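Inside the fold
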Amino acid sequence: MFGIKVSILRYLSDDPHPGIVACQFVDSNGRHWCFVEKTAVVYDGSDSLGPQSRFPITGFIAGTIGAKVFSKNGHEAVEFSTEQPWGIESIEGQSTFIVRPDVLEDRT
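The model shown is predicted, which means the values in this text are computed figures rather than measured ones.

**Quick look at the overall build of the protein**
Along the backbone of the protein there are one helix and seven strands. Contacts spanning at least 24 positions in sequence make up 46% of the contacts within the protein whose residues lie at least 6 apart. As displayed, the protein offers around 6300 Å² of accessible surface, 50% of which is attributable to carbon and sulfur atoms.

**Concerning the packing of aromatic side chains**
Using the criterion set out here, one finds four aromatic pairs in the structure. Look at F25 and F35: their rings are 6.0 Å apart centre to centre, the planes differ by 20 degrees, and that puts the pair in the stacked class. Pair noted here: F25 is in strand 2 (residues 20-26) and F35 is in strand 3 (residues 32-38), with a separation of 10 residues, a long-range link. Of the two residues, F25 and F35, both sit in the buried class. Centroid distance W33 to F97: 5.0 Å. Interplanar angle 70 degrees. Geometry classified as edge-to-face. With W33 in strand 3 and F97 in strand 6 (residues 96-99), this residue pair connects regions lying 64 residues apart in the sequence. Neither W33 nor F97 differs from the other in exposure class; each is buried. Ring-pair connections join several aromatic residues into one group, and the members of that group are F25, W33, F35 and F97. In this arrangement the basic side chain of R31 is found over the ring face of W33, its NZ or CZ atom lying 3.7 Å from the centre. A cation sits over an aromatic face here: R107 above F60, 3.9 Å from the ring centre.

**A word on the nonpolar core**
Formed by 21 residues in total, the largest nonpolar core has its most connected members in I4, I8, C23, F25, F35, I61 and V99. By residue number, the principal contributor to this core is strand 1 (residues 2-13), which donates four residues. Excluding anything up to four places from it in sequence, I8 contacts V21, A22, C23, V42, Y43, L49, F55, P56, I57, T58 and G59.

**What to know about the pattern of salt bridges**
Under the definition given, this model contains four salt bridges. In this structure, E92 engages R31 in a salt bridge whose closest nitrogen and oxygen atoms are separated by 3.7 Å. Within this pair, whereas E92 is found in the loop between strand 5 (76-81) and strand 6, its partner R31 is found in the loop between strand 2 and strand 3, the two being separated by 61 residues in sequence. With a relative accessible area of 44%, E92 lands in the partly exposed category. The exposure class of R31 is partly exposed, given its relative accessible area of 40%. For R107, the salt bridge identified is with D44, shortest N-O distance 2.9 Å. Note that R107 is positioned in the segment after strand 7 (104-106) and D44 in the loop between helix 1 (39-42) and strand 4 (57-70), a separation of 63 residues in sequence. Exposure remark for R107: the relative accessible area of 33% places this residue in the partly exposed category.

Calculation criteria
Residues numbered from 1 in each chain as written. Predicted model: local features only at pLDDT ≥ 70, side-chain atom pairs only at ≥ 80, totals over all residues. Heavy atoms only, no water. Helix = DSSP H or I, 4+ residues; strand = E, 2+ residues; numbered from the N terminus. Contact = heavy atoms within 4.5 Å. Areas by Shrake-Rupley, 256 points an atom, 1.4 Å probe, with all protein chains shown as cover. Phe/Tyr/Trp six-rings, centres within 6.5 Å; stacked < 30°, edge-to-face > 60°. Buried < 20%, exposed > 50% of the residue type's maximum accessible area, 1.4 Å probe, protein only. Lys NZ or Arg CZ within 6 Å of the ring centre and 35° of its normal. Core = buried A, V, L, I, M, F, W, Y, C linked by side-chain atoms within 4.5 Å. Salt bridge = Lys/Arg side-chain N within 4 Å of Asp/Glu carboxyl O.

Given below as structure tokens:
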């Protein structure tokens, strides 16, 4: 499974169980994208994640890699979609991003 590394910034709520967190990543053009998502979707660490955790914590959003492209500043980048497998969108409703290869992670 491929995905992007995200920074989990804060714990928002215990409801629904196991909880909701705010996380973000920076795309290849320097734009910050924010997500509000279930902890079980973005975090698979061995430590429990809750309001007492020390933030930021590295997380992961699964998705699919598309075509190689170039960012606005001319650097190599790739299209990345968070639509599959979990239907994740940024708080702005975006699910396709142009990302630097170094934010991608292969967890197969």
